[in-house]
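Reading the structure
Now for the letters of each chain:
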Amino acid sequence: MANYDVIVIGAGPGGYVAAIRCAQLGLKTACVEGRDTLGGTCLNVGCIPSKALLHASHQLHEAEHNFATMGLKGKTPSVDWKQMLAYKDSVIEGNTKGIEFLFKKNKVDWIKGWASIPAAGQVKVGDEVHTAANIIIATGSEPATLPGIDVDEKTVVTSTGALELGKIPKSMVVIGAGVIGLELGSVYKRLGTDVTVVEYLDVITPGMDGEVQKTFQRMLKKQGLNFVMGAAVQAVAKARGKNTVTYQLRKDDSQHSIDAEVVLVATGRRPFSDGLGLQDLGVEFTQRGQIKTNAHWQTNVAGIYAIGDVIEGPMLAHKAEDEGMAAAEVIAGKHGHVNYGVIPGVIYTHPEVASVGATEEQLKAEGRAYKVGKFSFMGNGRAKAVFAGDGFVKLLADKDTDRILGCHVIGPAAGDLIHEVCVAMEFGASAQDLAMTCHAHPTFSEAMREAALACGDGAIHA
Ligand code: NAI
């Protein structure tokens, strides 16, 4: 008899959610985690701490730029960096302790330490071997740095070090205009750092809707971020208290360099499954180092499942959570399901950027007949009242059936607004369904309805 029905390896959003769902479904469950706290990258050194710093730095921005306009006069706050980091740490602690509580409540055992899988059905932690009928690997990802760059997490940092800098740097080069680079670049820009983003492609946030990319970059430039586009970073050299980043411009192969106190390497993440012993077990991998799984998150080895960043698909906490719940349901004999066509993506800058479903570029490439309903937040009274009129909602619907195919939002609370379209898409709704739904006034969400109206007879406030 195995000790457990399920052992989950990794307590990030994929792993801890899988463990809780397994326990809720009546399976005897343990979760192995080697960090001192639960929550994985997301809670400890990713999504949650970066949101704390984004929130704090945005408050400063409001005080500096908008308070006087609203008649709020007085001394503008100055930054106590130590205290800001302490606030961030308290947010992390509250969340990681919350998961500990949920584990206790649901009777999930936390096995502390780093796991390996000596054989199917066995999980070794330290000197102890635990047995389980099913194993879920949820070991996540790690930053993918570049060759020629020596990350010390002090002045040449990944997102992990960028959340713990000893002081606010005077200058920062961000390598990569993806989600991490732009979120953390925004934080430091607002705190007074001179930030330059160096990006290989000619557009920021690859994969996003083209119109959103352009508007987003324009807004970030207006906020003071500098961009060097079409530039392949080749190396970072450290000398006398500064870092020199060398890059080659793709258009003419010319060589350039730029100095900065701190360099943030944000060039993507790679799946992490080191030390588990998967090669010896014969677990199959994709060419990109992801664990191969079938439609039920099963690897090619019976009884071993994998979910989240360590398998294929977008590296997003909520995608991992969905897979965690679904894999638990499959193990419990139910029908776990993830709709990969409706996974939202959000960038938590100010304004926020959010998207779900197809981009206009994808629809064009597929040769699909579609219509666009667009609405500017300038026509939204609530947005104007809070200095957030810049930005828009763009809804894409099938030209013949009116079925919603995608939505792209740049503007206030975009990361929350997008979910009404996610729900609509789950139900196969048309743009007209959204347009006929009463939206409270005055809310930002009226902009979503207006975009839906624009897919039909026209928006009212445009
Ligand atoms: P990313 O893949 O989003 O962006 C990396 C960027 O670096 C790309 O634009 C790429 O063209 C550029 N790049 C690569 N090599 C380069 C070079 N040599 N020189 C110049 N530019 C170069 O990766 P990022 O931002 O590091 O994020 C990693 C993962 O974490 C992503 O999958 C992201 O979705 C996830 N994440 C999600 C968040 C969210 O949902 N809000 C927040 C943070 C991370």
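The structure under discussion appears in the preceding block.
We now turn to the structure provided with this report. The structure displayed is predicted, hence computed values, not measured ones.

Moving on: the overall build of the chain. A count of helical and extended segments in the chain gives 14 helices and 22 strands. By the compact-globule yardstick of 23 Å for 462 residues, the chain fits well, its C-alpha radius of gyration being 23 Å. In terms of overall dimensions, the chain has a C-alpha envelope of 70 × 65 × 50 Å along the principal axes. In the chain, which comprises 462 residues, the proportion classed as buried is 51%. If you take every contact in the chain between residues at least 6 apart in sequence, the share linking residues at least 24 apart comes to 63%. With the model as given, the accessible surface of the chain reaches about 21,200 Å², and the carbon-plus-sulfur share is 52%. Computed over 44 positive and 51 negative side-chain charges, the separation of the two mean positions in the chain equals 4 Å.

Using the criterion set out here, one finds 19 salt bridges in the structure. Here Asp209 and Lys394 are joined by a salt bridge, their closest N and O atoms 2.8 Å apart. Of this pair, Asp209 sits in the loop between strand S10 (194–198) and helix H7 (210–222) while Lys394 sits in strand S21 (residues 392–398), and the two are 185 residues apart along the sequence. Given the relative accessible area of 0%, Asp209 is considered buried. The salt bridge partner of Glu360 is Lys394, with a shortest N-O separation of 2.6 Å. Linking Glu360 in helix H10 (residues 360–366) with Lys394 in strand S21, this pair joins segments that are 34 residues apart in sequence. As far as the burial class goes, Glu360 and Lys394 line up, both buried. Look at the salt bridges and you will find they share partners, linking Asp209, Glu211, Glu360, Lys364, Lys374 and Lys394 into a network.

Conventions we followed
- Residues numbered from 1 in each chain as written.
- Predicted model: local features only at pLDDT ≥ 70, side-chain atom pairs only at ≥ 80, totals over all residues.
- Heavy atoms only, no water.
- Helix = DSSP H or I, 4+ residues; strand = E, 2+ residues; numbered from the N terminus.
- Rg over C-alpha atoms; globule rule 2.2 N^0.38 Å.
- Buried < 20%, exposed > 50% of the residue type's maximum accessible area, 1.4 Å probe, protein only.
- Contact = heavy atoms within 4.5 Å.
- Areas by Shrake-Rupley, 256 points an atom, 1.4 Å probe, with all protein chains shown as cover.
- Lys, Arg positive; Asp, Glu negative; His and termini not counted.
- Charge placed at Lys NZ, Arg CZ, Asp CG, Glu CD.
- Salt bridge = Lys/Arg side-chain N within 4 Å of Asp/Glu carboxyl O.

Remember that the coordinates give geometry; whether it matters functionally is a separate question.
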